[in-house]
Structures are given as C-alpha cells and as structure tokens.
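# Fold and geometry: a report
Spelled out, the chains give:
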2 protein chains.
Amino acid sequence: MRTGQRTGHPLDAVIDIQFDGGRGASGWTVPEYGNMVGPFGGATAAFILRVIDAQADRLGEPVALTVTYAAPIADGEFHVDVELVRTNRTNQHWTATLTQDGDVKSTATAVFGLRRGVWSDTEAVMPAVGEPPSYPPATWPLGVAFLGNYDVRVIDGAPPEDEPPAPSSLSTFWVRHDPARRLDFPALAALADIFYPRVFLRLGRSVPAGTVSMTTYFHAGAAELERVGDAYILATARAQRFAGGYFDQTAQLWSRDGVLLATTNQIVYYKDSR
Amino acid sequence: MRTGQRTGHPLDAVIDIQFDGGRGASGWTVPEYGNMVGPFGGATAAFILRVIDAQADRLGEPVALTVTYAAPIADGEFHVDVELVRTNRTNQHWTATLTQDGDVKSTATAVFGLRRGVWSDTEAVMPAVGEPPSYPPATWPLGVAFLGNYDVRVIDGAPPEDEPPAPSSLSTFWVRHDPARRLDFPALAALADIFYPRVFLRLGRSVPAGTVSMTTYFHAGAAELERVGDAYILATARAQRFAGGYFDQTAQLWSRDGVLLATTNQIVYYKDSR
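Residues numbered from 1 in each chain as written. Chains lettered and ligands numbered in written order. Predicted model: local features only at pLDDT ≥ 70, side-chain atom pairs only at ≥ 80, totals over all residues. Heavy atoms only, no water.

Residue and element names in this part refer to chain B. Counting buried residues in strand 6 (residues 103-113) gives 10 out of 11 residues, a clear majority hidden from the surface. With 10 bridges connecting them, strand 5 (residues 91-100) and strand 6 associate as antiparallel partners. Each bridged residue has a counterpart across the sheet, and for Gln92 the counterpart in strand 6 is Phe112. Hairpin connection of strand 5 to strand 6: two residues between the antiparallel strands, including Asp101 at a positive phi of 50°. (Buried < 20%, exposed > 50% of the residue type's maximum accessible area, 1.4 Å probe, protein only. Helix = DSSP H or I, 4+ residues; strand = E, 2+ residues; numbered from the N terminus. Pairing = 2+ DSSP bridges.)

To continue, consider helix 2 (residues 41-53) of chain A. Residue and element names in this part refer to chain A. Taking 1.5 Å of rise per residue, the 13 residues of helix 2 would be expected to cover 18 Å, and the 18 Å separating its terminal C-alpha atoms lies within 8% of that figure. Counting buried residues along helix 2, 11 of its 13 residues qualify, which places the element largely inside the surrounding structure. Buried residues of helix 2: Gly41, Gly42, Ala43, Thr44, Ala45, Ala46, Phe47, Ile48, Leu49, Val51 and Ile52, and no others. (Expected span 1.5 Å × (residues − 1).)

Counted by the stated rule, this structure contains 32 aromatic pairs over all chains. An angle of 55° between the planes, with centres 5.7 Å apart, marks the rings of Phe247(A) and Tyr270(A) as tilted. With Phe247(A) in strand 13 (residues 246-255) and Tyr270(A) in strand 14 (residues 260-270), this residue pair connects regions lying 23 residues apart in the sequence. Residue classification places Tyr270(A) among the buried residues on the basis of a relative accessible area of 0%. Centre to centre, the rings of Trp140(B) and Phe173(B) are 6.2 Å apart; their planes meet at 85°, and the pair counts as edge-to-face. In this pair, Trp140(B) sits in the loop between strand 7 (121-122) and strand 8 (150-156) while Phe173(B) sits in strand 9 (residues 171-177), placing the two residues 33 residues apart along the sequence. A relative accessible area of 0% places Phe173(B) in the buried class. Aromatic ring contacts, followed pair by pair, group Trp140(A), Phe173(A), Phe195(A), Tyr196(A) and Phe200(A) into a single cluster. (Phe/Tyr/Trp six-rings, centres within 6.5 Å; stacked < 30°, edge-to-face > 60°.)

This part takes up the relation of the copies chain B and chain A. Superposition of chain B onto chain A requires a rotation of 180° combined with a translation of 0.0 Å along the rotation axis, giving an RMSD of 0.0 Å. What the rotation and shift describe, once combined, is the action of a two-fold rotation axis. In this assembly, 100% of the residues forming the interface of chain B have copies in chain A that are likewise at the interface, indicating an isologous arrangement. (Least-squares fit on C-alpha atoms with pLDDT ≥ 70 in both. Contact = heavy atoms within 4.5 Å.)

Once that is clear, we can look at the interface of chain B and chain A. Facing the 67 residues of chain B at the interface are 67 residues of chain A. With both sides pooled, the region where chain B packs onto chain A buries about 5,600 Å², and carbon together with sulfur makes up 51% of that total. Per-residue buried area on chain B facing chain A is highest for Trp119(B), Glu123(B) and Arg241(B); these three make up 15% of the total on that side. Counting the contacts that link chain B with chain A gives eight salt bridges. (Buried area = accessible area lost by both parts, 1.4 Å probe. Salt bridge = Lys/Arg side-chain N within 4 Å of Asp/Glu carboxyl O.)

Residue and element names in this part refer to chain B. Summarising the sheet, strand 2 (residues 25-28) and strand 4 (residues 77-87) pair through four bridges and their orientation is antiparallel. Residue Ala25 lies in a different strand from strand 4, and its bridge partner there is Val80. Of the strand pairs in this sheet, strand 4 and strand 5 are connected by eight bridges, and their pairing is antiparallel. Across the sheet, Asp81 pairs through a bridge with Thr97, a residue of strand 5. Connecting strand 4 to the antiparallel partner strand 5 that follows it, the hairpin turn spans three residues.

This is how it looks when you write it as structure tokens:
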C-alpha cells in the first residue's frame with residue numbers, strides 16, 4: 001500500500017503515478033477500484049493511458065488503446081514500462097508492459113494523434129432513451145468494489161441475480177462518476193469497461209468470466225470531453241457471438257447531447273458453470 | 001525478392017516464413033499482395049499470426065489479434081520477433097514486432113486459447129442476402145494488386161469512383177479467394193481487412209487513408225473454418241464515427257451457412273482532400 005494520506009477522487013488515486021526517472025512508472029492498486037479478482041480492468045487501462053499521456057515527447061491525444069489482461073494484478077505496487085515505437089507526422093505508436101515482481105500481467109498498444117479539422121460525421125445512431133432520473137439505479141449482485149464509484153441507471157439489461165436467461169445480451173446504462181468527477185481520457189478508458197460480462201444476462205446468473213483483451217477507439221477530442229464535464233454518459237453494449245469459452249462485447253459511449261465519445265470492443269473468457 | 005521459384009497460392013507466399021532459429025522469422029513482401037503504399041494490411045496480419053501459430057509451445061487457436069500499422073513496409077524482406085508473454089491454463093498471450101532495417105513497422109498482440117465445450121450462441125444476425133452469383137463483381141477504381149486475389153461480389157457499398165457522397169458507409173460483400181484457397185486462420189485474418197476505407201463511400205471518392213490499428217476476434221474454431229473450405233464468405237462493414245482525421249470500421253465475417261467466423265474493428269487515418 002502506498003504510504004501517506006490520500007485525498008481526492010478514487011479514480012485520481014488509480015492514475016496517481018510515480019515515475020522511475022525513465023519511461024516507466026509505478027502504481028498502486030486502489031481498494032475502491034477492486035473487481036472480483038484483482039483491480040477493475042478499466043482502472044488498469046486508465047493507468048496505462050495516463051502513463052503514456054505523461055511522456056514528455058507524447059504527440060497529440062489518445063486515438064486507440066488495446067490492453068490485454070494476461071493475469072490478475074495482486075494488491076499492491078505494480079510497474080508499467082512504456083516504449084515509443086514510432087512518431088509519424090500526425091500520430092505516434094506506443095507499447096506498454098505492466099509487471100509485478102517480474103511477471104507480466106498486462107500488455108498494451110496505444111496510438112496517439114493530432115486531431116485535424118477535416119470532414120466529420122457520426123453515422124451511428126444514439127439510442128433514444130429517457131432522462132437518467134427516470135431509470136432505477138443498478139443493483140449489483142456481485143458487490144464488487146469498483147462499481148461503488150459509479151452512479152449507473154439501468155435502461156436495459158440489468159445485472160441478473162438467478163433469473164431466467166435473457167434472449168439478448170444488450171445493456172444500456174446512463175452512468176456518471178459518484179462522487180462526481182470530470183470526464184477525461186483516463187476516465188473514458190475506464191468507463192469503456194463498465195459493463196458486467198454479457199454472458200451473465202444470457203445465462204441469467206453470474207459465472208466465472210474475465211476480459212482477455214480490450215480495444216477502445218477514442219473518437220472525441222479533449223474539448224468534447226471537457227464539455228461533458230461530470231454529466232451522465234450513455235453506455236450501451238452487446239455481444240455478437242458466444243463460442244467455445246470466449247465472447248465479444250461491442251459497445252458505444254455517448255455524451256448526453258449526442259457526441260459518440262468512444263467505441264470499444266473486448267473479448268471475454270467465460271465458463272457456463274461455477 | 002526471395003530467391004527460388006514460387007509455386008502455389010499467392011497467400012501461401014505471403015505466409016511463407018523462414019525461422020531464424022529463435023522465436024523470430026523473416027518474410028518477404030509479395031507483389032500480388034501489394035496495396036497503395038506497401039503490402040495489404042491483411043497480409044501483414046496473416047504473416048504475424050502464422051509466425052505465432054508456428055511456435056512449438058503455442059497453446060490452442062487464435063482468439064484475438066491486434067496489429068498496429070506504424071509505418072509502411074518497403075518492398076522486400078522484413079523480420080518478425082515474437083515473445084511469449086504468459087501461458088495460462090487455457091490461453092496464452094503473445095506480442096510481436098515487425099521490423100525492417102531496424103525500424104519498427106508494425107506491432108501486435110495476440111491471444112491464443114483452447115476452445116471448450118460450453119454454452120454457445122450467436123446473437124448477431126446474418127444479413128439476409130441473395131446468392132453470390134446474383135451480384136456483380138466489384139470493380140476497384142484504385143487498381144491495387146491485392147484485390148486481384150479475391151472474387152468480391154458487391155451487395156451494398158461498391159467502391160465509388162467520383163460519385164455523389166453516400167449517406168451510409170455500409171458495405172456488404174460476398175468474397176472468396178481467386179484462385180480458390182481453403183479458409184484458415186491466416187486467411188481469415190487477412191479477410192478481416194478486405195474492405196476499402198469507409199470514408200471513400202461517404203465522400204464519393206478516394207482520399208488518402210490507412211489503417212492505424214486493427215483488432216480481430218476469431219469466433220470460429222479450426223473445424224468451422226475447415227467446413228467453409230473455399231466457399232464464399234459474407235463480409236459486412238460500416239463506420240460509426242468520422243472525426244478529426246480518424247474513423248472506425250466495425251465488421252463481421254460470416255460463413256455461407258450462418259457461422260459468425262470473426263468480428264473485426266479498425267481505426268483508420270484519413271484526409272478529406274488529396
């Protein structure tokens with residue numbers, strides 16, 4: 001555990017990095033961001049993104065981030081080493097490795113880039129839903145810690161607690177930080193992982209499951225994130241296929257006024273019995 | 001250029017690897033798989049996947065592959081080094097780096113895993129379309145070499161040649177190798193990149209554009225790929241948002257009898273003028 005007293009938002013504790021003098025940095029797991037086993041995958045993604053973002057020769061803003069979850073991170077200190085792979089005129093490629101006692105727990109690749117004033121359009125259609133207060137807060141049967149940092153309103157696809165299997169894996173939530181916190185790229189990287197495993201819905205119960213690899217594309221620039229502030233965002237996810245112990249999850253994150261902030265996909269390991 | 005006479009399918013030339021005695025391997029660009037600049041991104045993905053697949057201690061089948069395209073590969077020899085990050089009980093994490101004269105051109109992360117007999121279901125719905133011969137062969141305004149290896153029948157979203165902008169970036173194709181070749185994991189990894197840039201449709205013309213990072217989830221096991229053989233597969237793709245010089249592409253690849261073989265996403269750099 002990190003020494004000294006902590007103040008501020010738990011997410012800022014998650015992305016509180018201590019640089020090692022080179023390109024690497026140490027972090028500490030934050031109890032409030034714990035998951036079933038190890039920390040919330042979104043917290044790991046946020047931390048890695050923050051370490052790259054803090055590099056002095058970083059160019060532009062996050063465009064793409066892939067994080068693989070090779071093994072659970074144990075409570076305590078971990079280390080992230082980042083490598084600048086290549087700098088092009090308008091974008092930059094990075095890789096990162098998260099280790100703990102010499103064991104690799106996660107790897108990542110990231111693309112950062114300059115956003116330019118070119119023809120732009122949003123082709124996806126934001127789900128038509130009501131205002132956040134008109135939906136009930138989510139209740140989480142599993143009681144994992146990290147969900148305590150989010151106010152989640154369930155429009156579709158509430159987490160099941162021994163219910164009949166649902167025909168669809170679709171979940172749509174309004175979600176914001178609780179306590180309130182502004183949206184920035186690390187917060188958005190974490191929110192991309194806010195959905196519980198889609199297989200729970202389809203089986204009507206929780207089973208062992210965990211993200212193996214997650215890729216997030218950041219469509220919004222920093223100014224768009226700033227305009228979101230601490231408002232609710234709309235998060236919607238579903239699976240396309242469950243087969244052989246792996247399913248995908250494809251998701252969108254929208255601002256309240258219809259900006260597609262990010263699209264994100266992950267592949268998830270699952271079992272069908274406890 | 002590689003010495004000696006080449007026989008067989010051009011895709012087998014693409015994935016013809018020469019091991020360096022360790023975990024690395026050399027490959028050679030194949031003229032038939034050239035793109036506008038450098039080789040077809042799908043060829044690079046296929047090669048990297050094949051190198052990992054050939055490792056003696058590889059566990060299981062491809063589950064996920066992310067390839068980043070940091071810089072164009074020049075014609076000729078290149079080298080791929082792979083690293084085994086971690087072996088778990090049912091899956092394995094790999095990273096790979098493609099270099100040419102010491103410069104990194106691509107990086108990759110891959111997850112391989114055992115497929116198990118668990119509850120399975122396909123939730124996505126295959127587009128309802130007619131038989132392949134009822135659709136016209138694609139004509140490619142850009143005349144890039146790699147498309148000569150595919151028989152593409154256009155259901156929706158033909159590549160535009162100075163036409164009015166289309167309201168949708170959706171393309172749906174029947175596609176098979178021409179000359180015929182069986183489907184395997186490297187072939188599927190390549191097919192995941194068969195779509196031309198979605199921005200061409202929306203602008204009604206071609207503009208500079210290139211994949212920055214591509215992630216493919218392999219839902220099918222080897223037996224399902226084998227059953228496809230050299231038949232047509234249905235490939236459908238669209239963008240969700242174009243903004244600031246980057247757009248995403250989300251796509252599905254289906255067997256003719258309705259098996260969702262793979263889902264794939266990429267983030268693509270674009271300009272809006274030549």
